[in-house]
Amino acid sequence: MKTISKLKKELDKIFSLFIRLRDATDLGLCQCFTCGKVAHYKQGMQNGHFQSRRFLPTRFDEENCQVQCQKCNIWSQGEQYRFALHLDGKYGEGTAEELEYLARTTIKLSRIDYEEKITYYKSTVEKLKKEKGIE
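What counts, and at which threshold
- Residues numbered from 1 in each chain as written.
- Predicted model: local features only at pLDDT ≥ 70, side-chain atom pairs only at ≥ 80, totals over all residues.
- Heavy atoms only, no water.
- Core = buried A, V, L, I, M, F, W, Y, C linked by side-chain atoms within 4.5 Å.
- Buried < 20%, exposed > 50% of the residue type's maximum accessible area, 1.4 Å probe, protein only.
- Helix = DSSP H or I, 4+ residues; strand = E, 2+ residues; numbered from the N terminus.
- Contact = heavy atoms within 4.5 Å.
- 1 Å grid on protein atoms, 1.4 Å probe; cavity = no way out; pocket = protein on both sides within 12 Å on 5 of 7 lines; lining within 4 Å.
- Points joined across faces, edges and corners; volume = space filled by probe spheres on them.

Draft legend 1. Representation of the nonpolar core. If you look at the biggest cluster of nonpolar residues, it comprises 26 residues, and the most contacted ones within it are Leu11, Phe15, Phe18, Leu21 and Met45. Contributions of two or more residues to this core are made by helix 1 (4–22), strand 4 (65–69) and helix 6 (111–132). Sort the elements by how many residues they give to this core and helix 1 lands first, with eight residues. Excluding residues within four positions of it along the chain, Leu21 makes contact with Tyr41, Val125, Leu128, Lys129, Lys132 and Ile134. Counting seven residues, the second-largest nonpolar core is a separate cluster that includes Phe33, Phe50, Phe83 and Leu87.

In structure tokens, the structure reads:
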């Protein structure tokens, strides 16, 4: 039986793939949410978090997570100010503020929660790959 930390790691991996595929074109290209750089979802593109991954309530939130290039996500600490502006532009005014609030709430995910999310995102990833005709 997998530990919670192993399940979290597995979910991180499949969720990251989902975020990158969700925003990829049929050629597998996606655009950095904060700087606009375009690259293949497998090459240098990452799952960027507006609110840090350390906050479990928003760690797997589909609005909190957007495609970012390595430069923005790692070297520029996620470009949080730009990220917030773009979130409000994409999802509506106040989205960034709501995510900041949500990040500081408390949730506890059980083994079953992790397993269900893993199953859901694995099937969603397969569906996206099929729909877009990419590997």
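After that view, the rundown keeps rolling.
Draft legend 2. Structural view of the layout of surface pockets. Of the pockets and cavities examined, the largest pocket occupies roughly 220 Å³. Together, 14 residues line the largest pocket, and His49, Phe50, Ser52, Gln77 and Gly78 are the ones closest to its centre. For the lining of the largest pocket, the leading source of residues is strand 3 (residues 45–49), giving four residues.

Draft legend 3. Quick peek at the environment of Glu126. Counting through the fold element by element, Glu126 comes out in helix 6. Residue classification places Glu126 among the partly exposed positions, given a relative accessible area of 47%. For the pair Glu126 and Phe18, spaced 108 residues apart in the sequence, the C-alpha separation amounts to 9.2 Å.

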